[in-house]
Amino acid sequence: MESHLRILYISNEYPPQTGFGGIATYTKTIAEIMAERGHAVQVLARSPEGVTFIETVNGVTVHRISAGTYRLPEGKLAYPLRRVCRSAFPHTLAYRA
């Protein structure tokens with residue numbers, strides 16, 4: 001008797017809305033392979049449009065979640081590093097002044 005799994009992948013990036021390459025491509029590939037094998041696969045990923053929605057693509061249920069914006073904690077030790085990261089890689093840190 002074959003057992004089917006219920007699998008949840010959590011990834012900031014999941015194509016096509018958020019990136020191709022690295023972890024995004026890996027998550028998409030493995031999720032679709034597992035779905036092809038009969039497993040119930042769901043992915044929780046960021047929605048770049050800021051709108052939460054659910055879609056099924058190639059047998060994988062993708063939950064796009066709107067990411068909030070968060071202030072940088074100025075009183076924390078890592079604040080200078082986060083400020084540099086926000087300047088150099090603005091897509092990696094949601095920020096609201």
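Scroll up a little and you will see the structure.
The shown structure was predicted, so the numbers you read here are calculated from the model rather than taken from an experiment.

Some points on the overall build of the protein chain
Then, number 1: When helices and strands are tallied, the protein chain shows two helices and four strands.
Then, number 2: When the helices and strands of the protein chain are listed from N to C terminus, the series reads β-α-β-β-β-α.
Then, number 3: Expressed as a percentage of the 97 residues in the protein chain, the buried residues total 24%.
Then, number 4: Restricting to contacts in the protein chain with at least 6 residues of sequence separation, those with at least 24 account for 44%.
Then, number 5: For the protein chain, the accessible area works out to roughly 6,800 Å², and carbon and sulfur atoms hold 59% of it.

Looking at the side chain of histidine 39
Then, number 1: Along the chain, histidine 39 turns up in the loop between α1 (22-36) and β2 (40-47).
Then, number 2: The class of histidine 39 is buried, set by a relative accessible area of 13%.
Then, number 3: A polar contact of 2.9 Å, which involves the side chain of histidine 39, links it to the backbone nitrogen of leucine 5.

Looking at the sheet that holds β2
Then, number 1: If you trace the four strands from one edge of the open sheet to the other, you get β1-β2-β4-β3, paired in mixed fashion. Of all the strands in the sheet, just β1 (6-11) and β3 (53-57) have a single pairing partner and so form its edges. On average, each strand axis in the sheet is inclined to that of its neighbour by 20°, with strand direction left out of account.
Then, number 2: Two elements, β2 and strand β4 (residues 60-66), share seven bridges in a ladder whose sense is parallel. The residue of β4 that forms the bridge with alanine 45 is arginine 64.
Then, number 3: Along the sheet, α1 makes contact with β1, β2 and β4, crossing β1 at roughly 170°.

Concerning the pattern of salt bridges
Then, number 1: Within this structure, the stated rule accounts for one salt bridge.
Then, number 2: The partner of lysine 28 in a salt bridge is glutamate 32, and the shortest N-O contact between them spans 2.6 Å. With lysine 28 and glutamate 32 both in helix α1, this residue pair falls four residues apart, about one helical turn.
Then, number 3: Residue glutamate 32 is classed as buried on the basis of its relative accessible area of 15%.

Notes on unusual backbone geometry
Trans peptide bonds make up the majority, and among non-glycine residues the majority have a negative phi.
Then, number 1: Looking along the chain, the bond that leaves proline 15 and enters proline 16 is cis, with omega of 5°.
Then, number 2: Within the secondary structure, proline 16 is located in the loop between β1 and α1.
Then, number 3: For asparagine 58, which is not glycine, the phi torsion reads 50° and is therefore positive.
Then, number 4: By secondary structure assignment, the location of asparagine 58 is in the loop between β3 and β4.

Criteria and thresholds
Residues numbered from 1 in each chain as written. Predicted model: local features only at pLDDT ≥ 70, side-chain atom pairs only at ≥ 80, totals over all residues. Heavy atoms only, no water. Helix = DSSP H or I, 4+ residues; strand = E, 2+ residues; numbered from the N terminus. Buried < 20%, exposed > 50% of the residue type's maximum accessible area, 1.4 Å probe, protein only. Contact = heavy atoms within 4.5 Å. Areas by Shrake-Rupley, 256 points an atom, 1.4 Å probe, with all protein chains shown as cover. Polar contact = N/O pair within 3.5 Å; in protein donor to acceptor, adjacent residues only side chain to side chain. Pairing = 2+ DSSP bridges. Axes fitted to C-alpha atoms, helices over the stretch in contact; angles between N-to-C directions. Salt bridge = Lys/Arg side-chain N within 4 Å of Asp/Glu carboxyl O.

Purely geometric numbers; function is a separate question.
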